[in-house]
Amino acid sequence: MTKITLQEAQTTLPDLIHRLPAGEWVVITENDKPVAQLIVPFVFARETPRPRPPVTGIPKAGQYEGRLVVPDDFNEPLEELREYME
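So, how was this worked out
- Residues numbered from 1 in each chain as written.
- Predicted model: local features only at pLDDT ≥ 70, side-chain atom pairs only at ≥ 80, totals over all residues.
- Heavy atoms only, no water.
- Helix = DSSP H or I, 4+ residues; strand = E, 2+ residues; numbered from the N terminus.
- Buried < 20%, exposed > 50% of the residue type's maximum accessible area, 1.4 Å probe, protein only.
- Contact = heavy atoms within 4.5 Å.
- Core = buried A, V, L, I, M, F, W, Y, C linked by side-chain atoms within 4.5 Å.

Caption draft 1: Geometry of the environment of Ala-9. In this structure, Ala-9 sits in helix α1 (residues 6-19). Residue classification places Ala-9 among the buried residues on the basis of a relative accessible area of 7%. Each C-alpha atom of the pair Ala-9 and Val-27 lies 9.7 Å from the other, and the pair is 18 residues apart in sequence. Setting aside residues no more than four positions away along its own chain, Ala-9 makes contact with Ile-4 and Ile-28.

Pasting the structure below:
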């Protein structure tokens, strides 16, 4: 923990922020009384961007032929709904 005066904090704030390691804090005083506490620097959870997934290409027509079977009665109403359809 570091103690500095309010006037010193006003003139050296950028240097103060950059010289303190993570988890350290500064108490700012005025007339020898603590008036503020500065905790620096802010630690980001993720500093590097997340990698993008690999590009697998554009699907081609017919590539799933034979793998997907559509039954002949696909467009027919379900047995449970037949009475509502008539």
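Caption draft 2: Just the nonpolar core, in detail. Residues Ile-4, Ala-9, Leu-16, Leu-20, Val-26 and Ile-28 constitute the largest nonpolar core, which totals six residues. Residue assignment for this core shows that the elements contributing at least two residues are α1 and β2 (24-30).

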